[in-house]
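# Per-entry structural report
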Amino acid sequence: MRKLAMLILLVAMALASCTQSPSPTEPSTVEAPTTSEDGASEETNGLEAGTEGDEEDPAADEATVTLRVGLASDTLGMDPHLFVNKTSTNYTELLYDSLLTFDESTNIAPGLAESYEQIDDVTWTFNLREDVTFHDGKPLTAEDVKYSLERIQELSPKKALFAPIETVDVVDQYTVQINLSSPFGPLLTYLALPGTASIVDQATVEANGDLSNVANGTGPFKLVEWQQGSHTTMVANEGYFVEDQPIVDELIIHVVPDEVAASARLRAGELDWIELYSYAEVEALRAAPGLTVMETPVIDWKFMLFNTSKPPFDDVKVRQAIAMGLDRQQIVDTALFGLGQPAEAGASAPPGTWAYVDYPLYDTPDADAAQGLLQEAGYGDGFPMTIRFPSNWPIYGEIVTPIQAQLQALGIDAELEAVEFGVLIEELGAGQFDAVVSGWAGKIDPDEQLYEVFHSEGALNWGKFSDPEVDDLLEQGRAATELEERQGFYFEAQRRLMELSPELFLIYPTAYFGMSDSVTGFTARPDGSYRSFARVSVAP
Amino acid sequence: MMLGFESTPQRVAELRQYFGLDRPWHIQYFEWLGAVLQGDLGKSLLSGARVDEMIMARFPATLQLTLASMFVALSLALPVGILAAIYPRTMLDTVGTLISVVGLSVPHFWLATLLILLVAVRWELLPVAGYVPFAEAPIENLRHLVLPALSLGIAYFASIARQLRSSLMEVMDTGYIRTAHAKGLGSRAILFRHALKNASIPVLTVAGVQVGRLLGGVIVIEQIFSWPGIGTLGLYAINQRDYPVLQGVVLLVAGSFVAINLLVDLAYPLVDPRIRHS
């Protein structure tokens, strides 16, 4: 039958066209970085002379241990300086190291720099380890650090965090001196940022234009292949400077945007570890045999920001009334299925971090007092408002629903508007909003959490909030270098922010991970880093 | 979007200027169009990779999925449509209609999830998701293809089946079919040699249009099954505002739709001699 014949022909054509596997194009494969000046062969390095297992050939090595993880999105690119959003840094932090790093409790720990010293208010020196090499075998020197920091200041979307670095001097082969323009407390934190503050190799950048598609870092894993939108394959860096890391031989990161599919793949044994972003799946996975769900508090907070330049939100009493009237626990119970913490005694820094202020101003919702305040402010009959939130992540839609109901009880008629994230950013920049519900993630230092948003000159101060006392406290917190001193300023600042409520701090969500029982050694860092993949082992 | 929440007005302005996005849009458009006519689809704003290479790397996966889904759709539509037409108003017809309506009403992503949970997780017959290039492992490739193709195929076979049924019924009532009966030709011969060919024109048309819907449905299905095709590429481009990539994808999809319908038009004379001779 003609139609059948045509059909078979088409199918045959399709199968034939599929013999081309979608890999060897720019965004996908990575060849050995074109840098080896000394002509050293690809994967060997000076330290591990004689180790046969260096050249990765999983097919030949039957005992290859592979960790297969599922992340919700792909990286935007492999360049750690250009792409600094969390999803991208989850990839780049495995391939690169920074001068410093964080331990499991987000305290500063040595990274590529084994020690550091503060010479004076504006001068710091860092002593590099002498046993570090890039993936192509080239040893790490102070020149690389200088080059990297300068590149960050030029290209990084987060370059504002590194702006106080005035110059970087190479003192000798393994010593770097950083000269600041003014005293800067968060310096060490920012130098430890995974991905963002990576140290890269200048020769690789120059040979390739940028690092979007190649990776020659010092990190625990080496990039083998990046199939954009599908998966990324990495192998262990045998010459990694931390003993016995990484434990697994191979790491494959699969992109699984759909949480049901991710959960299904975990249950079917196709993946060993997934990040969960839908609380609905948490219960299902907890019940499944052979699987574990790990929960961990993260330095994330969800907030409702007011446009303080627009009535009625320019009246502090109105903001305070809402702060007082909201039942944060109820939001956690309904939106997060009870998995998370209400921000009743904290602002941007959650409990467990050094900047947690423990100021239980709003731990008991008081609708009557709230009503009273509204009355005083002249809004006893309530008022209409619009709450915007990003549509891209379901959690915000879930959070605003109980908020709307609670505001109703105060006489406030809130309309909910889901806005696509890109559009939302534009509206925020133009000041076209009443209130927005959203969240921040992974900002470890209170300077990063607060300065740009609440300082009157802050670049992200969409609500146009301005308070000279807050400004002063934030500036002092930034300039001070002793932890206790900084703590004092940030406690003050957060208390004042909670009292003035330009932004309501709503909840601290918890992060969840599903993993097979054969996976051990994973610890989740509160900033959302997955560096601990280097310490994970997979039982056969 | 590159800057995310970190976007300050100055940085945004810098980037816009760098990418030439601050020029009047009609100028940007004509420049792009001119480049396309010369074969240059531009480069990704985010990774700097060539758009045509990015698309070509992922197109085979989508092509395979689309064709497989069409295959499933036709495999379901042909028997259901034919049987319903031959035995109208019987139990068979009713069941066929029922199946078609269910297929029409069920959202393909829901079907996908259902298939995953049943076939992959509970019965462990097939992998949940993912993709293996055909060249690397043909069997694995096909195993991963089954569920996504079924999700799309089942959701889209209904219109084809319905059209086939009604066209066939119409044709079987015509004069020349009755003549064939009178000449003594068996029912099967009549069916396959005459009736189907004549009934297939409107069916082909419907199938061509359905491909358009399939191309749309492919986006969600690719997302669910982590199938690295141009559907997910387009979705990423939308989310990240990677305009050159998005433009390339839309161009390709629109072009494919036109090409397929052209093929359908060219297929008419193959099927219906009346058209051939006119």
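Residues numbered from 1 in each chain as written. Chains lettered and ligands numbered in written order. Predicted model: local features only at pLDDT ≥ 70, side-chain atom pairs only at ≥ 80, totals over all residues. Heavy atoms only, no water.

Moving on, we get to the overall build of chain A. Scanning chain A from N- to C-terminus turns up 15 helices and 20 strands. By the burial criterion, 58% of the 540 residues in chain A qualify as buried. Contacts in chain A between residues far apart in sequence, at least 24 positions, make up 70% of those at least 6 positions apart. Accessible area for chain A stands at about 20200 Å²; split by element, carbon and sulfur atoms hold 50% of it. (Helix = DSSP H or I, 4+ residues; strand = E, 2+ residues; numbered from the N terminus. Buried < 20%, exposed > 50% of the residue type's maximum accessible area, 1.4 Å probe, protein only. Contact = heavy atoms within 4.5 Å. Areas by Shrake-Rupley, 256 points an atom, 1.4 Å probe, with all protein chains shown as cover.)

As a further point, take unusual backbone geometry. Gln245(A) connects to Pro246(A) through a cis peptide bond whose omega is -10°. With omega at 0°, the peptide bond leading from Pro311(A) into Pro312(A) counts as cis. Topologically, Pro312(A) is positioned in the loop between strand E13 (300-306) and helix H8 (316-325). With a phi close to 55°, Lys464(A) is a non-glycine residue in the positive phi region. You can see Lys464(A) is positioned in the loop between helix H13 (446-454) and helix H14 (468-479). Of note, the phi angle at Arg241(B) is positive, near 55°, even though the residue is not glycine.

Residues and elements named next belong to chain B. In the predicted model, chain B carries a mean pLDDT of 83, and the fraction of residues at 70 or more is 91%. Across chain B, the element-wise mean pLDDT spans from 67 in helix H11 (residues 273-277) up to 89 in helix H5 (residues 108-122). Overall fold confidence for the complex sits at a pTM of 0.79, while the interface term, ipTM, reaches 0.74. (pLDDT = per-residue confidence, 0-100.)

Turning to empty space enclosed by the protein, a few remarks are in order. All names here are of chain A. Here the structure, examined in full by the defined rule, presents five cavities of 30 Å³ or more. Of the pockets and cavities examined, the second largest cavity occupies roughly 70 Å³. Lining the second largest cavity, in full, are Glu93, Tyr96, Asp97, Ser98, Leu100, Thr101, Ala192, Pro194, Gly195, Ser198 and Arg531. Residue classes in the lining of the second largest cavity are distributed as four nonpolar, four polar and three charged. (1 Å grid on protein atoms, 1.4 Å probe; cavity = no way out; pocket = protein on both sides within 12 Å on 5 of 7 lines; lining within 4 Å. Points joined across faces, edges and corners; volume = space filled by probe spheres on them. Nonpolar A, V, L, I, M, F, W, Y, C, P; charged D, E, K, R; others polar.)

Moving on, we come to the pairing of strand E1 (residues 66-71) of chain A. Strand residues, when the strand is regular, have side chains that alternate between the two faces of the sheet. Residues and elements named next belong to chain A. Alignment of E1 against strand E10 (residues 250-255), held across six bridges, turns out to be parallel. Within E10, the residue paired with Leu67 across the bridge is Leu251. Where E1 lies against strand E11 (residues 273-276), two bridges are found, and the strand directions are parallel. In the sheet register, Val69 faces E11, and the bridge partner there is Trp273. (Pairing = 2+ DSSP bridges.)

Our next topic: the environment of Ala264(A). When you line up the elements, Ala264(A) lands in helix H6 (residues 259-268). As for Ala264(A) and Leu285(A), which are separated by 21 residues in sequence, their C-alpha atoms are 9.3 Å apart. For Ala264(A), the residues in contact, after removing those within four places along its chain, are Ile116(B), Val121(B) and Val128(B).

Any two side chains of opposite charge can pair, given that their charged atoms come close. Residues and elements named next belong to chain A. Applying the stated criterion across every chain yields a total of 28 salt bridges over all chains. The residue Glu104 makes a salt bridge to Arg535 at a minimum N-O spacing of 2.7 Å. Of the two residues, Glu104 is situated in the loop between strand E2 (100-102) and strand E3 (108-110) and Arg535 in the loop between strand E19 (519-520) and strand E20 (537-538); the sequence distance between them amounts to 431 residues. Judged by relative accessible area, which is 33%, Glu104 ranks as partly exposed. Here Glu448 makes a salt bridge to Lys158, at a shortest N to O gap of 3.4 Å. On the criterion of sequence distance, the pair formed by Glu448 in helix H13 and Lys158 in the loop between helix H3 (142-155) and strand E6 (165-172) is long-range, its members being 290 residues apart. (Salt bridge = Lys/Arg side-chain N within 4 Å of Asp/Glu carboxyl O.)

Further remarks concern helix H6 (residues 138-172) of chain B. Compared with an ideal rise of 1.5 Å per residue, which puts 35 residues at 51 Å, H6(B) spans 42 Å between its outermost C-alpha atoms and falls more than 12% short. Remark: the principal bend of H6(B), roughly 35°, maps to Phe157(B). (Expected span 1.5 Å × (residues − 1). Bend = angle between axes of the 7 residues up to and from the residue.)

Residue and element names in this part refer to chain A. Spatial ordering of the open sheet is given by E4-E5-E7-E6, a layout of four strands whose pairing is antiparallel. Taken across any chain shown, the strands that pair with only one partner, and hence form the sheet edges, are strand E4 (113-120) and E6. If you compare each strand with its neighbour and ignore which way they point, the axes differ by 20° on average. With six bridges joining them, E4 and strand E5 (residues 123-128) adopt antiparallel strand pairing. Bridge assignment links Glu117 to a residue of E5, and that residue is Thr125. (Axes fitted to C-alpha atoms, helices over the stretch in contact; angles between N-to-C directions.)

Glancing now at the side chain of Arg151(A). Residues and elements named next belong to chain A. Mapped onto the secondary structure, Arg151 falls in helix H3. Overall, Arg151 belongs to the buried group, its relative accessible area being 6%. Once residues lying within four places of it in the same chain are set aside, the contact partners of Arg151 are Asp79, His81, Ser156, Val205, Asp210 and Leu211.

Across chain A, the average pLDDT comes to 85, with 88% of residues at 70 or higher. Scored below 50 in pLDDT, residues 16-61 of chain A shows 78 contacts in the model against residues more than four places distant or in partner chains.

What follows concerns the side chain of Arg328(A). Residues and elements named next belong to chain A. With respect to the secondary-structure elements, Arg328 resides in helix H9 (residues 328-335). One buried charged residue, Arg328, forms no salt bridge at all, with the nearest opposite charge on Glu344 at 6.7 Å. Here the side chain of Arg328 touches Ala323 through a polar contact of 3.1 Å, landing on its backbone oxygen. Sequence-distant contacts of Arg328, that is, excluding residues within four places in its chain, are made with Ala323, Pro342, Ala343, Glu344, Tyr362, Leu504, Phe505, Leu506 and Ile507. (Lys, Arg positive; Asp, Glu negative; His and termini not counted. Polar contact = N/O pair within 3.5 Å; in protein donor to acceptor, adjacent residues only side chain to side chain.)

On to H14(A). Residues and elements named next belong to chain A. Taking 1.5 Å as the rise per residue, H14 with twelve residues should run 16 Å; its terminal C-alpha atoms sit 17 Å apart, in good agreement. Restricting attention to buried positions, one finds in H14 the residues Val470, Asp471, Leu473, Leu474, Gly477 and Arg478. Looking at the buried residues of H14, the elements they touch are H13 and helix H15 (483-500).

Now for the packing of aromatic side chains. Residues and elements named next belong to chain A. Using the criterion set out here, one finds 26 aromatic pairs over all chains in the structure. Both rings, one in Phe454 and one in Phe465, keep their centres 6.3 Å apart while their planes meet at 85°; by these two values the pair is edge-to-face. Taken together, the residues span a long stretch of sequence, with Phe454 in helix H13 and Phe465 in the loop between H13 and H14 at a distance of eleven residues. The same class applies to Phe454 and to Phe465, which are both buried. Taking the centre distance of 5.7 Å and the plane angle of 85° together, the rings of Phe513 and Tyr530 count as edge-to-face. On the criterion of sequence distance, the pair formed by Phe513 in strand E18 (residues 503-516) and Tyr530 in the loop between E19 and E20 is long-range, its members being 17 residues apart. Here Phe513 and Tyr530 have matching classes, each one buried. An aromatic cluster of three or more residues is present, and its members are Trp273, Phe513, Phe522, Tyr530 and Phe533. (Phe/Tyr/Trp six-rings, centres within 6.5 Å; stacked < 30°, edge-to-face > 60°.)

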